[in-house]
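Coordinate analysis (summary)
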Amino acid sequence: MKRQKKTSKIQSKMITYIWICVIPFIVLLVFAIARLYTYYQEYDLLVRNITGANKYSMEFKDDMDEMMYKIIIGSANWTDAEEKLEDEDPKALIHEAREHFVELRENSTEENVVADLDALIKLLGILDERVDDILANVEEGGHYDENMEMLDMNIRTLTSLIQDDVQRYIYDEATNMEMLRRDVAGSLLATIRILVMLLVLAICFIYVVSHRLSETITKPVTELVDMTEKFAGGDFTVSYHPESNDEMEILAESFNSMVKEIETLIEDIHIEQENAKDAELRLLQEQINPHFLYNTLDAIIWMTEAGDNKKAIQMTQDLSTFFRVSLSKGASEITIENEREHVKSYLKIQRFRYQDILDYKLDFDEEILGYHIQKLTLQPIVENAIYHGIKNKRGKGMINVRGRLEGDDVVFEVEDNGIGMDEEKLNHLRNLIAGKIVDDDQSGFGMANVQQRLVKNYGASYGIWVDSEYGKGTIVKVRIPKVT
């Protein structure tokens, strides 16, 4: 009868040692994955909430105001059920919005977000009642003057309030997103602390066991201690390959697998943080100044009422070009030719409004028009030149926008003969653009955003440089690489 091989004490001790070392890291890995998945779900929910609400921030007011205006003047066939179009039903639009925000309310737990949604739902209910009043008058016939007054005093006021509340909700959700990002960073630090603690315990255990094992085991155990010390110091490239073909080989394989898994876990956390930063930058990049839109629309209305339809049509076309390039189907990069058209449409609109004080000139080399550039790079700089340079001087101002090729780079210059800046203000703006200071001064916010995006996408050697002299004007230089 063949005698069954008995497990040696050394083998039992080594197996016990392996599991003592590996199990905590498995638990840590499972814990970290579970935490990451929880944060991902919260982050994904915040992004979807913001994206869904953003549609109503941009479209709801205009659609509702235009729809009710058409119904009042008879352009939309509200009273004819057979000819009435689906997209001309204000009740359906309100119902859709209310269902969307009620669903968000049911899934929200933050007090500030719940308060925002409660206010939104209440305003939508009031809007629904005011719409019913107008629709009843339309079905009855007559009441044109009363309906127009109700449109101005009730509908447009309520849609403006709804739009403000939607924007407040988006802001609060974005704040919650930032808090979530901080929680992720804090969780990463806590995980690293736990990992270091487990590694220290494992090293102590190896030290005790090494004195009890035979001389043949002492050497590989000592080598393993050295590897774990390097790993505890942050070197994730270490790996252990013992010379002996015994239980130490199993331990080495477990250690190497653990190092790779933890390295992957930390890298995934870094990627999540970078993705969160990219999302924040994209939200900043896609923002459009609502005051510019409102002022332009008001100007179009004034021109129309004054009978200057030709200028009103031209200004509407320029506004369409401005927004088409601003949106660009969600692309973050566009051609320099499109960026030039975007700046040109913006300047044409502003010259309609400030024709007595503003003139401009665009001079782009043809050879650079096919290269790519980060969207909304030049327009914030031109806007800054108008509002903080040209408008603050006496007499007519001039803005020159130039683009040329310099070696492997493309260089743009935005020059104005406005009021300029003294040394103190110039240094303040340079520090704000460089990210050395943060304050509530909005004069350099757009340019700081441009600088942040250029450095992130092209590197620290590219970005914005500003030079100015008080009483003479300002010149802003933008340098980017040739990108096809």
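Residues numbered from 1 in each chain as written. Predicted model: local features only at pLDDT ≥ 70, side-chain atom pairs only at ≥ 80, totals over all residues. Heavy atoms only, no water.

1. Some remarks on the overall build of the protein chain
On a plain count of helices and strands, the protein chain comes out with 12 helices and 7 strands. Here the protein chain, with 484 residues, has 41% of them falling under the buried criterion. Sequence separation of 24 or more characterises 72% of the internal contacts of the protein chain that already satisfy a separation of 6 or more. For the protein chain, the accessible surface area stands at approximately 27200 Å², while carbon and sulfur atoms represent 52% of it. (Helix = DSSP H or I, 4+ residues; strand = E, 2+ residues; numbered from the N terminus. Buried < 20%, exposed > 50% of the residue type's maximum accessible area, 1.4 Å probe, protein only. Contact = heavy atoms within 4.5 Å. Areas by Shrake-Rupley, 256 points an atom, 1.4 Å probe, with all protein chains shown as cover.)

2. Things to note about the pattern of salt bridges
Per the stated rule, a full pass over the model turns up 22 salt bridges. One salt-bridge network, held together by shared partners, links R402, R404, E406, D409, E413, E415 and R479. (Salt bridge = Lys/Arg side-chain N within 4 Å of Asp/Glu carboxyl O.)

3. Focus on helix α10 (residues 379–390)
In an α-helix there are 3.6 residues to a turn, and that puts residues three or four apart on one side. Counting buried positions along α10 yields 9 of 12 residues, so the element is predominantly enclosed. Every buried residue of α10 is listed here: Q379, P380, I381, V382, N384, A385, I386, G389 and I390.

4. Considering the sheet that holds strand β6 (residues 463–469)
Read across the open sheet, the 5 strands follow the order β2-β4-β5-β7-β6; overall the sheet is mixed. Of all strands in the sheet, those bounded by a partner on one side alone are β2 (358–364) and β6. Put simply, the sheet's adjacent strands are angled 10 degrees from each other on average, direction ignored. Pairing between β2 and strand β4 (residues 397–406): 7 bridges, direction parallel. Counterpart to L362 in the pairing with β4 is V401. Across the sheet, helix α9 (residues 336–353) is in contact with β2, β4 and β5 (409–416); its angle to β2 comes to roughly 170 degrees. (Pairing = 2+ DSSP bridges. Axes fitted to C-alpha atoms, helices over the stretch in contact; angles between N-to-C directions.)

5. Focus: the pairing of strand β7 (residues 473–481)
The buried count for β7 comes to 7 of 9 residues, which makes it a mostly enclosed element. Judged from the 8 bridges that link them, β5 and β7 form a sheet pairing that is antiparallel. Within β7, the position partnered with D416 by the bridge is T474. Between β6 and β7, which pair antiparallel one after the other, the connecting turn spans 3 residues, and G471 there sits at a positive phi close to 90 degrees.

6. Structural notes on the nonpolar core
In terms of nonpolar packing, the biggest core is built from 50 residues, with I336, I399, F412, I464 and V466 touching the most fellow members. Here I464 is in contact with I381, I433, M447, V450, Q451, L454, V476, K477 and V478, once residues within four sequence places are set aside. (Core = buried A, V, L, I, M, F, W, Y, C linked by side-chain atoms within 4.5 Å.)

7. With respect to the packing of aromatic side chains
Counted according to the given criterion, the structure contains 4 aromatic pairs. When the ring of F364 is compared with that of F412, the centres are 5.9 Å apart and the planes differ by 50 degrees; the resulting orientation is tilted. With F364 in strand β2 and F412 in strand β5, this residue pair connects regions lying 48 residues apart in the sequence. Overall, F364 belongs to the buried group, its relative accessible area being 8%. Look at F412 and you get buried, because its relative accessible area is 1%. By the ring-pair criterion, three or more aromatic residues cluster together here, those being F322, F323 and Y346. (Phe/Tyr/Trp six-rings, centres within 6.5 Å; stacked < 30°, edge-to-face > 60°.)

8. Considering helix α2 (residues 90–106)
Helix length check: α2, at 17 residues, gives a terminal C-alpha distance of 24 Å against a target of 24 Å (1.5 Å per residue), a fit within 8%. Of all the positions in α2, only P90, L93, I94, A97, F101 and L104 are classed as buried. Mapping the buried residues of α2 onto a view down its axis gives an arc of 95 degrees, with all of them on the same face. (Expected span 1.5 Å × (residues − 1). Arc of directions from axis to C-beta.)

9. Describing the packing of α9 against α10
Helix packing geometry: the angle between the two helix axes and the distance between the axes. Running from N to C, α9 and α10 cross one another at 20 degrees; their axes reach a closest spacing of 10 Å. The orientation of α9 relative to α10 falls into the category roughly parallel. When the axes of α9 and α10 are compared, the crossing they make is right-handed. From α9, E339, H342, V343, Y346, L347, Q350 and R353 reach across to α10, where they touch Q379, V382, E383, I386 and Y387. Taken together, the residues of the contact of α9 with α10 break down into 6 nonpolar, 3 polar and 3 charged. (Parallel < 35°, antiparallel > 145°, perpendicular 65-115°, else oblique. Left-handed = near helix turned anticlockwise from the far one by under 90°. Nonpolar A, V, L, I, M, F, W, Y, C, P; charged D, E, K, R; others polar.)

10. Side note on the environment of F352
Tracing the backbone through its elements, the reader meets F352 in helix α9. Its relative accessible area of 21% is what places F352 among the partly exposed residues. Apart from the residues lying within four places of it in its own chain, the contact partners of F352 are M303, K311, Q314, M315 and D318.

11. As for the packing of helix α8 (residues 309–327) against α9
Orientation of α8 relative to α9, taken along the N-to-C sense of each, is 145 degrees, at an axis distance of 9 Å. Relative to α9, α8 is oriented so that their crossing is left-handed. Seen from α8, the contacting residues are K311, Q314, M315, D318, L319, T321, F322, V325 and S326; seen from α9, they are N338, E341, H342, S345, Y346, K348, I349, F352 and R353. Among the residues forming the contact of α8 with α9, the class breakdown is 7 nonpolar, 6 polar and 5 charged.

12. Quick look at the environment of Q451
Looking at the element boundaries, Q451 is found in helix α12 (residues 445–458). The exposure class assigned to Q451 is buried, which follows from its relative accessible area of 14%. As a C-alpha pair, Q451 and G435 span 16 residues in sequence and 8.9 Å in three-dimensional space. Other than its neighbours up to four places away in sequence, Q451 contacts I433, Y462, G463 and I464. Polar contacts involving the side chain of Q451 include one to the main-chain amide nitrogen of I464, which spans 2.7 Å. (Polar contact = N/O pair within 3.5 Å; in protein donor to acceptor, adjacent residues only side chain to side chain.)

13. Focus: unusual backbone geometry
Even without being a glycine, L376 presents a positive backbone phi close to 60 degrees. With respect to the helices and strands, L376 occurs in the loop between β3 (372–374) and α10. Overall, the relative accessible area of 8% leaves L376 in the buried class.

14. Considering the environment of H372
With respect to the helices, strands and loops of the structure, H372 is situated in strand β3. C-alpha of H372 to C-alpha of I336: the two residues are 36 residues apart in sequence and 5.6 Å apart in space. Residues contacting H372, with those up to four places away along its chain left out, are E333, I334, T335, I336, Y458, I480, V483 and T484.

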